[in-house]
Amino acid sequence: MNEVLMRIENAKAYYKLEKVSVRAVDGVSFEIFEDEVIGVVGESGCGKTTLSNLISMNILKPLTLVEGKVFMKIDGKFEEISSMSREEVKKKLWGKEITIVPQSAMNALMPTIRMAKYVEHLAQSHELNGKELLQKAEKRFEEVGLNPLWLKRYPFELSGGMRQRAVIAIATILNPKLLIADEPTSALDVVNQKVFLKVLMQLKRMGVVRSIIFITHDIATVRQIADRIIVMYAGKIVEISTMEKILQRPLHPYTKGLFNSVLTPEPEVRRRGISVIPGTPPNLINPPSGCRFHPRCPHVMEVCKEREPELREVEEGSKVACFLYSEERT
Amino acid sequence: MSRLVVENLTKIFTLGFFSRKRIEAVKNVSFEVKEGEIVSLVGESGSGKTTTAKMILRLIPPTSGRIIFEGKDIWKDLKDHESIKDFRRKVHAVFQDPFASYNPFYPVERTLWQAINLLEKKPSNKKEALELIKESLVRVGIDPKDVLGKYPHQISGGQKQRIMIARCWILRPFLIVADEPTSMIDASSRGGIIQLLEELRKEQGTSIIFITHDLGLAYYVSDNIFVMKDGEIVERGHPDKVVLEPTHEYSKVLVESIPKLYRKLEGL
């Protein structure tokens with residue numbers, strides 16, 4: 001097993017509103033290893049994007065880290081990044097250790113600011129030599145399959161797929177260890193999706209980034225590159241497992257439902273048919289008692305309504321939070 | 001029996017005032033939809049699939065070619081108001097964006113009351129009409145008291161799309177044209193919408209045209225797939241043939257690039 005790059009311990013990140021809190025990430029613990037790709041999947045509103053904000057320490061009000069700690073290995077030793085001030089985070093973490101390709105990254109660039117300007121901004125904020133950085137950017141542009149001349153152009157002159165690659169090139173100039181990609185492919189057509197995945201894996205092979213977190217609702221896409229997968233439901237992790245294992249035998253009833261709703265052009269899919277998870281995801285202001293999935297679960301038992309299942313290892317490398325797999329089921 | 005026949009359909013948009021620029025959005029498209037058949041028009045954005053759908057829905061006129069629905073050319077033989085109204089009763093559209101299909105100022109059931117007004121045999125009183133609305137909602141798996149009297153922003157996208165299909169249970173159309181009906185709703189509720197449309201077809205022999213970029217969806221539901229590229233149908237046939245043994249270069253690339261669940265893409 002590789003070494004741990006990041007450790008998240010019982011993190012609770014709530015959106016604190018005037019009277020209520022939206023419990024978007026509620027007691028989540030996991031590790032990110034070096035040299036791995038982790039996929040995070042779940043329906044809209046399950047806390048995926050909040051999780052990415054938490055990992056990248058982009059915590060702005062009303063989002064608050066209520067409880068828990070996040071550690072990251074920086075220069076060989078673990079530092080608690082969740083206690084850093086925002087200034088420190090900006091200086092030490094962003095761009096250097098962690099980088100993020102946000103949702104709709106293709107619109108992340110201001111259409112009327114030349115791409116080279118973003119590189120200058122990066123140099124300023126990290127107090128680096130602008131010229132050197134620009135040379136690095138040119139090299140990186142080539143590596144992601146873009147002509148370096150595009151750096152002098154405006155973002156609106158590029159197609160969606162090219163803009164996506166430009167964003168990832170600029171985001172990885174400083175060789176960050178961890179790259180977080182939040183729904184990067186959902187606005188691209190399938191051909192560009194494939195190109196993007198290729199670029200991502202190439203950057204990892206070249207050692208530009210060490211580990212990748214790929215957040216998406218599209219399981220078929222994340223399946224292509226992920227080593228491990230985290231399934232989230234209503235702010236909680238319900239299952240963590242390796243990709244191959246989860247494909248062969250998903251454990252949590254929610255994971256089963258989610259995988260069976262995937263439609264890809266494959267004979268297996270046509271044979272197995274399509275199944276539906278009844279109902280809708282719960283409101284995170286006032287989530288259901290016990291297991292949050294119990295109102296929609298086909299295997300619901302009495303204990304599920306009263307107590308919350310813990311995320312525990314049931315097979316090597318597979319953790320699941322479900323009473324079906326514990327002795328306390330009676 | 002064929003319900004809809006599309007023959008050599010062409011649509012050319014001309015742009016500009018002096019320098020006439022011609023865009024051939026749809027080129028010589030022909031296909032047929034039988035009673036109770038589900039067909040899919042698959043293609044990327046700009047392939048002309050939505051333009052084709054709009055012509056079939058009698059929203060924009062074709063440049064040339066014919067669309068024959070139930071033995072009548074919908075652009076030549078439907079002349080008076082009554083026959084057009086009859087066409088609207090028999091052909092129903094479900095659009096992509098459930099948020100844009102509703103007027104935010106009115107409760108959602110207004111779309112269902114409008115459907116009742118279209119009916120040939122209208123219910124004799126309001127109470128009967130309301131019963132019909134409730135029944136249609138139950139058919140699409142919605143508890144009437146969850147949505148009646150609510151405004152569009154108070155219900156979810158999946159529910160909105162379901163109410164659009166509830167309309168189909170009131171009107172019992174012969175043909176449904178569904179333009180990307182599932183692309184804006186979550187994967188877990190997508191299956192439900194598809195199942196509802198399949199039920200309609202089973203019970204009433206409704207023919208359905210799916211317009212989609214999602215070959216996975218098309219492969220799963222259709223009896224016939226037509227792959228469109230730059231306004232032309234480049235590949236057609238049974239889903240197994242189109243997906244497992246594509247012959248045209250474009251459909252080959254398309255099928256290869258789609259991420260699969262049970263196998264990995266090559267060359268990543």
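Procedures and definitions
Residues numbered from 1 in each chain as written. Chains lettered and ligands numbered in written order. Predicted model: local features only at pLDDT ≥ 70, side-chain atom pairs only at ≥ 80, totals over all residues. Heavy atoms only, no water. Buried < 20%, exposed > 50% of the residue type's maximum accessible area, 1.4 Å probe, protein only. Helix = DSSP H or I, 4+ residues; strand = E, 2+ residues; numbered from the N terminus. Contact = heavy atoms within 4.5 Å. Pairing = 2+ DSSP bridges. Axes fitted to C-alpha atoms, helices over the stretch in contact; angles between N-to-C directions. Buried area = accessible area lost by both parts, 1.4 Å probe. Salt bridge = Lys/Arg side-chain N within 4 Å of Asp/Glu carboxyl O. Polar contact = N/O pair within 3.5 Å; in protein donor to acceptor, adjacent residues only side chain to side chain. UniProt positions renumbered as here; feature names shortened; annotations may be inferred.

Focus on helix H9 (residues 253-260) of chain A
Residue and element names in this part refer to chain A. Here H9 lies mainly inside the structure; 6 of its 8 residues are buried. Residues of H9 that are buried: Pro-253, Tyr-254, Thr-255, Gly-257, Leu-258 and Phe-259. Buried-residue contacts for H9 involve strand E3 (37-41), helix H7 (219-223), strand E9 (228-233), strand E10 (236-242), helix H8 (243-248) and helix H10 (267-272).

With respect to the pairing of E9(A)
All names here are of chain A. Burial within E9 is extensive, with 6 of its 6 residues counted as buried. Side chains Arg-228, Ile-230 and Met-232 of E9 all project onto a buried face; the interleaved residues Ile-229, Val-231 and Tyr-233 project onto the opposite face, where all are buried too. Pairing geometry for E3 and E9, over 4 bridges, is parallel. In the sheet register, Ile-38 faces E9, and the bridge partner there is Arg-228. Note: E9 against E10, 6 bridges, orientation antiparallel. Looking at E10, one finds that Val-231 is bridged to Glu-239. From the end of E9 to the start of E10, which pair antiparallel, there are 2 residues, and Ala-234 there has a positive phi angle of about 50 degrees.

Focus on the sheet that holds strand E7 (residues 175-179) of chain B
Residues and elements named next belong to chain B. The strand order across the open sheet built from 6 strands is E6-E7-E8-E3-E9-E10, with neighbouring strands paired in mixed fashion. Looking at the sheet topology across the chains shown, the edges are occupied by strand E6 (91-94) and strand E10 (232-237). Each adjacent strand pair in this sheet contributes to an overall mean axis angle of 20 degrees, direction not counted. Two strands pair when backbone bridges link them, and E7 and strand E8 (residues 207-212) are joined in this way by 5 bridges, in the parallel orientation. Its bridge partner lying in E8, Asp-179 is registered against Ile-211.

Looking at the interface of chain B and chain A
Taken residue by residue, the interface counts 33 residues in chain B and 35 residues in chain A. When chain B packs against chain A, close to 3,400 Å² is buried across both sides, 62% of that on carbon and sulfur atoms. The interface formed by chain B and chain A contains 2 salt bridges. Between A:Glu268 and B:Arg263 there is a salt bridge, with its nearest N and O atoms 2.9 Å apart. Seen at the junction of chain B and chain A, the total is 10 residue pairs in polar contact (both at pLDDT 80 or more).

So, the UniProt feature "domain: ABC transporter" (unreviewed entry) in chain A
Following the UniProt record, one finds the feature "domain: ABC transporter" (unreviewed entry) at residues 6-259 of chain A. The straight-line gap between the two end C-alpha atoms of residues 6-259 of chain A is 28 Å; of that span, 34% is helix and 29% is strand.

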